[in-house]
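Fold and contact review
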Amino acid sequence: MNVITTFKEKKREKQIKYERSILRELSIKILKERVRHYFGSSRLTSSLVMNEGIEEACYDVAIEAYLLGAKFSRFGYYGEAMNEARERCHKEEKHIVDTLYNFFLYWAGGDEGIQSESLYYLCEQYVDSWWREGYQRGEKRYKLKMH
């Protein structure tokens, strides 16, 4: 008896396999350092980052941005510039930034005030750095035919 699989299932299996392989290059130490670098210096976020739940949320966002960059790196392999590939996933990237920003606002308890805009830019920079990291690692994997 043959097992029937759909195209969607095969595509999802392939995506999971790729994500697992690209995540092997990522370490928890790097995640922690980057959270401390971006959010440890801000007066609003430095006290919040000490909370383990917020730190884990930052890790989740970093992994999502990293995987998004890696996913869109195939366009770079086929000759598209990084900025053009980035425009393709603008909505997804903005959603990730907004998620992190709103998470910080929720945990700040309304203490953000004027710093709200600078917090948003911090979140953008954080997601941008992880997106670029994923993009570069993914592009390298495509060049080495490791995808």
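In short, a report on the structure. Quick caveat: nothing in here was measured; it's all calculated off a predicted structure.

Turning next to the overall build of the protein chain. The helix and strand tally for the protein chain stands at eight helices and zero strands. Tracing the protein chain from N to C terminus, the helices and strands come up as α-α-α-α-α-α-α-α. Counting only residues that meet the buried cut, the protein chain has 41% of its 147 residues in that class. In the protein chain, of all internal contacts separated by at least 6 residues, the share reaching a separation of at least 24 is 78%. As displayed, the protein chain has an accessible area near 9,700 Å², and 53% of this comes from carbon and sulfur atoms.

What follows concerns the nonpolar core. The biggest cluster of nonpolar side chains holds 36 residues, and the ones touching the most others in it are F39, C58, L100, F104, C123, Y126 and W130. Taken together, the elements giving at least two residues each to this core come down to α1 (7-23), α2 (28-39), α4 (52-71), α7 (90-108) and α8 (116-143).

Now for the pattern of salt bridges. Per the stated rule, a full pass over the model turns up ten salt bridges. Of the charged contacts in the structure, one is a salt bridge between E25 and R141, with a shortest N-O distance of 2.9 Å. With E25 in the loop between α1 and α2 and R141 in helix α8, the pair connects residues that are 116 residues apart, well separated along the chain. With relative accessibility at 30%, the residue E25 sits in the partly exposed group. A salt bridge links D128 to R86, with the shortest nitrogen-to-oxygen separation between them at 2.4 Å.

Moving on to a negative patch on the surface. On the surface, E52, E56, D60 and E64 cluster together to form a negatively charged patch. As for its placement among the helices and strands, D60 is situated in helix α4.

Taken as a whole, this structure holds ten aromatic pairs when the rule is applied. When the centroid spacing of 4.8 Å and the interplanar angle of 45° are considered together, the rings of F39 and F104 count as tilted. With F39 in helix α2 and F104 in helix α7, this residue pair connects regions lying 65 residues apart in the sequence. Note on F39: relative accessible area 0%, which makes it buried. What makes F104 buried here is its relative accessible area of 0%. Between F72 and F75 the ring centres are 5.7 Å apart and the planes differ by 35°, which places this aromatic pair in the tilted class. Looking at F75, the relative accessible area reads 16%, which means it is buried. Linked through ring pairs, Y18, Y77, Y78 and Y142 together constitute an aromatic cluster. Sitting over the face of the ring of W130, R34 holds its NZ or CZ atom 4.0 Å from the ring centroid.

Further remarks concern the environment of Y78. Examined against the element boundaries, Y78 turns out to sit in the loop between α5 (73-77) and α6 (82-88). Distance in space between the C-alpha atoms of Y78 and E139 is 9.6 Å, their sequence separation being 61 residues.

At a minimum axis distance of 9 Å, the contact between α7 and α8 shows a crossing angle of 135°. Judged by the angle between their axes, α7 and α8 are oblique. Viewed along their axes, α7 and α8 form a crossing whose handedness is right-handed. Contact residues: E93, K94, I96, V97, D98, L100, Y101, F104 and L105 in α7; S116, L119, Y120, C123, E124, Y126, V127, D128 and W131 in α8.

Analysis parameters
Residues numbered from 1 in each chain as written. Predicted model: local features only at pLDDT ≥ 70, side-chain atom pairs only at ≥ 80, totals over all residues. Heavy atoms only, no water. Helix = DSSP H or I, 4+ residues; strand = E, 2+ residues; numbered from the N terminus. Buried < 20%, exposed > 50% of the residue type's maximum accessible area, 1.4 Å probe, protein only. Contact = heavy atoms within 4.5 Å. Areas by Shrake-Rupley, 256 points an atom, 1.4 Å probe, with all protein chains shown as cover. Core = buried A, V, L, I, M, F, W, Y, C linked by side-chain atoms within 4.5 Å. Salt bridge = Lys/Arg side-chain N within 4 Å of Asp/Glu carboxyl O. Patch = residues over 30% accessible without salt bridge, like charges linked within 9 Å, V, L, I, M, F, W, Y side chains within 5 Å. Lys, Arg positive; Asp, Glu negative; His and termini not counted. Charge placed at Lys NZ, Arg CZ, Asp CG, Glu CD. Phe/Tyr/Trp six-rings, centres within 6.5 Å; stacked < 30°, edge-to-face > 60°. Lys NZ or Arg CZ within 6 Å of the ring centre and 35° of its normal. Axes fitted to C-alpha atoms, helices over the stretch in contact; angles between N-to-C directions. Parallel < 35°, antiparallel > 145°, perpendicular 65-115°, else oblique. Left-handed = near helix turned anticlockwise from the far one by under 90°.

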